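Summary of structural features
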Amino acid sequence: MKKHFLIVPLMLIMMVALMAGCTQEAGPEATDGNGEPKTPAMKLIAVGECTFAPFEYIDETTGQPAGFDVDLIHAIAEAAGFEVEYRNMDWNSLIAALQTGEADLVVSGMTITDERALEVKFSDPYFESGQAWCVEEGSPIKALDDLAGKTVAVQINTTADYAAQKLDEKFKEEGKPGLNIKRLEQAADVFNELKVGGADAVISDLPVIQEYLKNHPDSNIIIPEPAFTVEYYGIAMRKQDKEIHELINKGLATIKASGKYDELYEKYFGTK
Ligand code: ARG
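In short, a report on the structure.

1. Quick look at the environment of V70
Mapped onto the fold, V70 is located in helix α2 (residues 68-80). Under the relative-accessibility criterion, V70 is labelled buried at 5%. For the pair V70 and F55, spaced 15 residues apart in the sequence, the C-alpha separation amounts to 7.5 Å.

2. A look at the environment of L252
By the element assignment, L252 lies in helix α8 (residues 242-258). Judged by its relative accessible area of 3%, L252 is buried. When the C-alpha positions of L252 and A75 are compared, they lie 8.4 Å apart, and in sequence the two are 177 residues distant.

3. Some details on the sheet that holds strand β3 (residues 56-58)
Here 3 strands make up an open sheet; going across it, the order is β2-β3-β4 and the pairing antiparallel. Looking at strand neighbours, the two that pair on one side only are β2 (51-52) and β4 (65-66), the edges of this open sheet.

4. Things to note about the site of the ligand
Taken together, 15 residues are adjacent to the ligand, and E49, T111, R116, T159 and D205 come closest. Taking S108, its side chain carries an N or O atom lying 2.8 Å from a nitrogen atom of the ligand. Contact with the protein chains removes 100% of the 350 Å² of surface that the ligand exposes when unbound. In a pocket analysis with a 2 Å cut-off to the grid points, the ligand is assigned to the largest cavity. Counted by class, the shell around the ligand contains 5 nonpolar, 6 polar and 4 charged residues.

5. Structural notes on the pairing of strand β11 (residues 180-184)
Across 5 bridges, strand β10 (residues 151-155) lies against β11 in parallel orientation. Its bridge partner lying in β11, A153 is registered against K182. Between β10 and its parallel partner β11, the chain crosses via helix α5 (residues 159-173), and the hand of that crossover is right-handed.

6. Describing the sheet that holds strand β13 (residues 221-222)
Strand order in the open sheet made by the 5 strands is β11-β10-β12-β9-β13, with mixed pairing throughout. Each edge of the sheet is formed by a strand with only one pairing partner; in this case those strands are β11 and β13. The pairing of strand β9 (residues 131-136) with strand β12 (residues 201-205) spans 4 bridges and is classified as antiparallel. Its bridge partner lying in β12, A132 is registered against S204. Of the strands in this sheet, β9, β10, β11 and β12 are in contact with α5, which crosses β11 at around 165°.

7. Quick look at a nonpolar patch on the surface
On the surface, a nonpolar cluster with roughly 260 Å² of combined accessible area is contributed by I112, V230 and Y232. Within the secondary structure, I112 is located in the loop between β6 (105-106) and α4 (114-117).

8. Let's talk about the side chain of D104
Relative to the assigned elements, D104 resides in the loop between α3 (94-100) and β6. Within polar-contact distance, the side chain of D104 engages the side chain of R238 at 2.7 Å. When sequence neighbours within four positions are dropped, the list of residues in contact with D104 reads K43, L44, I45, L98, A236, M237 and R238.

9. Considering empty space enclosed by the protein
Using the criterion set out here, one finds 2 cavities of 30 Å³ or more in the structure. Of the voids in this model, the largest cavity is the one considered here, and its volume is about 90 Å³. In terms of lining residues, the largest cavity is bounded by E49, F52, W91, S108, G109, T111, R116, Q155, T158, T159, A187 and D205. Its residues assigned to classes, the lining of the largest cavity shows 3 nonpolar, 6 polar and 3 charged. Here the second largest cavity is characterised by a volume of approximately 50 Å³. It is β12 that contributes the most residues to the lining of the second largest cavity, 3 residues altogether. Looking at the lining of the second largest cavity residue by residue, the classes come out as 5 nonpolar, 3 polar and 1 charged.

Definitions and limits used
- For every chain, the first residue of the written sequence is number 1, and numbering continues from 1 onward in sequence order.
- This being a predicted model, a pLDDT of at least 70 is required before a residue's local features are given, and a value of 80 or more before pairs of side-chain atoms are given or counted; all residues contribute to the totals for chains, interfaces and linings.
- The side-chain figures draw on all heavy atoms in the structure; neither hydrogens nor water molecules are used.
- Under the DSSP-based scheme used, a helix requires at least four consecutive residues in state H or I and a strand at least two consecutive residues in state E, with every element numbered from the N terminus.
- Summary of the burial criterion: residues with accessible area below 20% of their type's maximum are buried, those above 50% are exposed, and those between are partly exposed, where the area comes from a 1.4 Å probe applied to protein chains only.
- Here the rule is simple: two strands pair whenever DSSP picks up at least two bridges between them.
- Only heavy atoms are used to decide nearness, and a residue is near a molecule or strand if one of them lies within 4 Å of it.
- Any N or O atom pair separated by 3.5 Å or less is treated as a polar contact, with the protein-specific requirement of one donor-capable and one acceptor-capable atom, and with residues adjacent in sequence counted only for side-chain atom pairs.
- Shrake-Rupley sampling with a 1.4 Å probe provides the accessible areas, and residues are treated as covered by the protein chains on show and by no other component.
- A pocket here means an open set of points on a 1 Å grid, computed over the protein atoms alone, that has protein on both sides within 12 Å along at least five of seven lines. A cavity is instead a set of points where a 1.4 Å probe fits but cannot get out; residues with an atom within 4 Å of a point line either one.
- Think of it this way: if more than half of a molecule's atoms are within 2 Å of a pocket's grid points, that molecule is in the pocket or cavity.
- Each residue gets one label: Ala, Val, Leu, Ile, Met, Phe, Trp, Tyr, Cys and Pro are nonpolar, Asp, Glu, Lys and Arg are charged, and the others, such as Gly, are polar.
- If the strands point away from the viewer and the path from the first strand over the helix to the second runs clockwise, then the crossover is right-handed.
- The contact definition used throughout considers only heavy atoms, calling two residues in contact when any of these lie within 4.5 Å.
- Note on geometry: axes are C-alpha line fits, over the in-contact stretch for helices, and angles between N-to-C directions span 0 to 180 degrees.
- Exposure above 30% relative accessible area and the absence of a salt bridge qualify a residue for a patch, where like charges join within 9 Å and nonpolar side chains (Val, Leu, Ile, Met, Phe, Trp, Tyr) within 5 Å.
- Salt bridges, as used here, are contacts in which a Lys or Arg side-chain nitrogen is within 4 Å of a carboxyl oxygen on Asp or Glu.
- Grid points are joined across faces, edges and corners, and a volume is the space filled by probe spheres set on the points.

Below is the structure:
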């Protein structure tokens, strides 16, 4: 009788010690909490054109993609429980990369448009933006309508490009000279074009122009007017990837509720 009194508590202590030892050794990732092995986290490839600071750019010291979009997708991944790798890619290849399976997510300051939504599924909007234009100080162009007959630099196949084409049509309808549109491959090319005198103005997303001004205080570039469109960025995915759509939207909702989104917003744009 006496022996049993000792054995039962001893066994209990040993069991508890064993369980504690197990979790410590294996780490929290290895089991799902019920002792069942966890399936390894899904890994998704995200892509963006990294000349679009502050949304995505190549960090000079690390040589790696960085920016709001890069941090955002990592935060979403952490919240939704998947792994992500962000890669730099040409703007014109992004949507094709989804279709070929080279990438699973386009996170590239991409505006949600009806035309693009024919090809891809967009996440819930994650950023409000708009098109704006800029010129060098002292330019005779004081308003958008003054662009008639002038040359504007845009990144090809972006909403800046579409806005420029619309303006051109409008000018022509009004009997004015049209807009000469220089459609360049990279988002950052447009500012160089303005600098070297290859264009009279630039149309791009307002936060990107603002970032350029911040990083080039001696550029003498001004933004004469507020944004003339309202646009929302979304993460683009393959239409059939229903599970991924859910993961992304849930992750986005989670980081908006937790304050993580606001933290990232402040890091790149200051207080709202
Ligand atoms: N928001 C614009 C669009 O969707 C421009 C995006 C350009 N993004 C980039 N990473 N270059 O057309």
